[in-house]
Amino acid sequence: MKFEVIFEKYRNHTASEEEIAWIEEEIAKHELIEEYLSEAIDLKLEDLYTKEEDSNNHTTSTHKDKDSSLIQKAIRRAFFKMGAVFTAISLILFLFIQFGLSPLMESFYYNPAKTLGENMNQITLDMSIFTELLMPLNVQDSVAVSSTNYGSYDIFLQPTVTRGGSYPSLYAGKITRNHLTMYDPNILNLPVGNLLLKPEHHYAQWTWSAIPKEDIEKSISALQDDKTYKSYISFKDYLSFSDYKLFEKEYHINLSWAACRTSEAGSYQDYAIGFQTQPEGMLFHNPYPDQYPYLKLESGDLTIAELDALTNDENTMKNHMVSMLSYLSDQKTFCNMVDIERETIESSTAYIEENGLSIYGFAGWLSKEDLEKLQHSDMIRSVYFES
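Residues numbered from 1 in each chain as written. Predicted model: local features only at pLDDT ≥ 70, side-chain atom pairs only at ≥ 80, totals over all residues. Heavy atoms only, no water.

Caption draft 1: Quick peek at the overall build of the chain. A tally of regular secondary structure across the chain gives 11 helices and 13 strands. Taking all 387 residues of the chain together, the buried fraction comes to 37%. The long-range share in the chain, meaning contacts at least 24 apart out of those at least 6 apart in sequence, stands at 64%. Working note: accessible area of the chain is about 23000 Å², and carbon and sulfur atoms make up 53% of it. (Helix = DSSP H or I, 4+ residues; strand = E, 2+ residues; numbered from the N terminus. Buried < 20%, exposed > 50% of the residue type's maximum accessible area, 1.4 Å probe, protein only. Contact = heavy atoms within 4.5 Å. Areas by Shrake-Rupley, 256 points an atom, 1.4 Å probe, with all protein chains shown as cover.)

Written out as structure tokens, the structure reads:
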């Protein structure tokens, strides 16, 4: 009879005594075989490792099995691959930070070193337009830039032309993430609001410093004959552009900064905005001829006679003012850095574009003789000069 049939009867307790004895004998055989196989496996596993004493009397395990060696090689290859991956990732991150992140970070901030053409960077153009419009006879047309960090730069202002017998000065500052700091905080200060008086201002006989006209006459008489002085002259009435050019010719004023009317109702809080009647400096290039066609009048191709013709043409000078004001109002970050309200610049642009040029005063480098002539003119309302 088969073992399976008798074993089933043994489990169901229906086997005879003879069958029970036979099954239990078979079970005992299997238990002996299992015990033998278990001992054989343990002996084989022990044989995989041998005990060796090192020089410090410690024991180390030496792998002897071929399969174990393959496992170790596989682990080493995995570590090498992982190391190569980490190295590649580190290299990619370094290259991204150095060559990708740097320009990306720079793009979030004002970049004064941005090249706009030959011998011109961004801040040179911005500073040139800003100072011509709002800082009489103080055009900053040359700015050197040195990058120090993300969004951080050292800047050096050195105008190419100076007047009054002085040598060009170097003004240092820094730009740190859209914040401008000049080490001489006065260099970019705008002129006092009532330095040049508009006709609608109510104190006709006084200069901005409240000095009576008689005292001004005494001060002029004490000036040196061989020097020129930065002077601010206000008219009693607004002059048209053509009348102002006739005034310049009559009083032999070669270079001046003409203050323009920019609103119907004048305010002491308005900016004094104007233009130089004769271009000077080294900026001959207009990088935006389509958007701001009259931004710069200078050109290396123009003769002196041709340049004079441009600066004596009212429509040209009006368009020059509109181009400069439009450009400045579009430079949002730069205006914030120099603390200029773009809304005021925009409204001034619209007024001049609609009404043309009306001159209420000027700044110029004048001699003692020039000032003596002007103080007695019926056209002049006030005179101030820097002694």
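Caption draft 2: Just the sheet that holds strand β12 (residues 358-367), in detail. Spatial strand order, β11-β10-β12-β9-β13: five strands in an open sheet with antiparallel pairing. Across the chains shown, the open sheet's two edge strands, defined by having one partner strand only, are β11 (274-276) and β13 (380-385). Between one strand axis and the next, the sheet turns by 20° as a mean value, whatever way the strands run. Two elements, strand β10 (residues 256-260) and β11, share three bridges in a ladder whose sense is antiparallel. Bridge pairing in β11 places Ala-258 opposite Phe-275. Against the sheet, helix α6 (residues 241-250) engages β9 (228-240), β10, β11, β12 and β13, with an angle of about 140° to β9. (Pairing = 2+ DSSP bridges. Axes fitted to C-alpha atoms, helices over the stretch in contact; angles between N-to-C directions.)

Caption draft 3: Region of the structure containing the pattern of salt bridges. A complete count under the given rule lists five salt bridges for this structure. Two residues, Arg-261 and Glu-264, come together in a salt bridge whose shortest N-O distance is 3.6 Å. Its relative accessible area of 17% is what places Arg-261 among the buried residues. The shortest N-O distance in the salt bridge between Lys-373 and Glu-369 comes to 3.7 Å. With Lys-373 and Glu-369 both in helix α11 (residues 368-375), this residue pair falls four residues apart, about one helical turn. Residue classification places Lys-373 among the partly exposed residues on the basis of a relative accessible area of 39%. (Salt bridge = Lys/Arg side-chain N within 4 Å of Asp/Glu carboxyl O.)

Caption draft 4: Main features of the packing of aromatic side chains. This structure, assessed with the given rule, holds 16 aromatic pairs. Aromatic pair Tyr-244 and Phe-247: ring centres 6.3 Å apart, planes at 20°, arrangement stacked. Residue Tyr-244 and its partner Phe-247 are both found in helix α6; the two are separated by three residues, about one turn of the helix. On the basis of relative accessibility, which here comes to 0%, the residue Tyr-244 falls in the buried class. Clustering of aromatic rings is evident, with ring pairs tying together Phe-235, Tyr-244, Phe-247, Tyr-251 and Phe-362. If you follow Arg-177 out to its NZ or CZ, it ends over the ring of Tyr-109, 6.0 Å from the centre. (Phe/Tyr/Trp six-rings, centres within 6.5 Å; stacked < 30°, edge-to-face > 60°. Lys NZ or Arg CZ within 6 Å of the ring centre and 35° of its normal.)

Caption draft 5: Just the confidence of the model for the chain, in detail. Per-residue pLDDT for the chain averages 81, and the proportion of residues at 70 or more is 76%. Confidence drops under pLDDT 50 across residues 49-64; counting only partners more than four residues distant or on other chains, this segment forms 17 contacts. Residue range residues 204-210 is modelled with pLDDT below 50. Its contacts to residues more than four positions away, or to other chains, number 15 contacts. (pLDDT = per-residue confidence, 0-100.)

Caption draft 6: Fine view of the packing of helix α8 (residues 314-330) against helix α10 (residues 342-355). Where α8 meets α10, the axes come as close as 9 Å, and the angle between the chain directions of the two elements is 160°. When the axis of α8 is compared with that of α10, the two are roughly antiparallel. For α8 against α10, the interelement crossing comes out left-handed. For the pair α8 and α10, the contacting residues are Lys-318, Met-321, Val-322, Leu-325, Ser-326, Leu-328 and Ser-329 in the first and Arg-342, Ile-345, Glu-346, Ser-348, Thr-349, Ile-352 and Glu-353 in the second. For the contact of α8 with α10, the residue count by class is six nonpolar, four polar and four charged. (Parallel < 35°, antiparallel > 145°, perpendicular 65-115°, else oblique. Left-handed = near helix turned anticlockwise from the far one by under 90°. Nonpolar A, V, L, I, M, F, W, Y, C, P; charged D, E, K, R; others polar.)

Caption draft 7: Molecular detail of the nonpolar core. Formed by 62 residues in total, the largest nonpolar core has its most connected members in Phe-130, Phe-275 and Met-321. Not counting chain neighbours up to four residues away, the residues in contact with Phe-275 comprise Glu-132, Phe-241, Ser-256, Trp-257, Ala-258, Cys-260, Met-317, Met-321, Met-324, Leu-357 and Ile-359. If you look at the next biggest cluster of nonpolar residues, it comprises 11 residues, including Leu-195, Tyr-232, Leu-255 and Tyr-384. (Core = buried A, V, L, I, M, F, W, Y, C linked by side-chain atoms within 4.5 Å.)

Caption draft 8: Local environment of the sheet that holds strand β6 (residues 152-157). Here four strands make up an open sheet; going across it, the order is β5-β6-β7-β8 and the pairing antiparallel. Each edge of the open sheet is held by one strand with a lone partner, namely β5 (143-149) and β8 (180-182). Ignoring strand direction, the axes of neighbouring strands in this sheet form an average angle of 20°. Across six bridges, β5 lies against β6 in antiparallel orientation. If you follow Ser-146 over to β6, its bridge partner there is Asp-154. Running at roughly 130° to β5, helix α4 (residues 122-134) makes contact with β5, β6 and β7 (171-176) of the sheet.

Caption draft 9: Unusual backbone geometry, seen in detail. In this structure, Arg-177 is a non-glycine residue whose phi angle is positive, near 45°. Note on placement: Arg-177 falls in the loop between β7 and β8. We note that His-252 has phi near 55°; this positive angle belongs to a residue other than glycine. By the secondary structure assignment, His-252 is in the loop between α6 and β10.

Caption draft 10: Region of the structure containing the pairing of β13. Burial analysis of β13 places six of its six residues in the buried class, the great majority of the element. In this sheet, β13 lies alongside β9 in antiparallel orientation, the contact comprising five bridges. Note on β13: the bridge partner recorded for Tyr-232 is Tyr-384.

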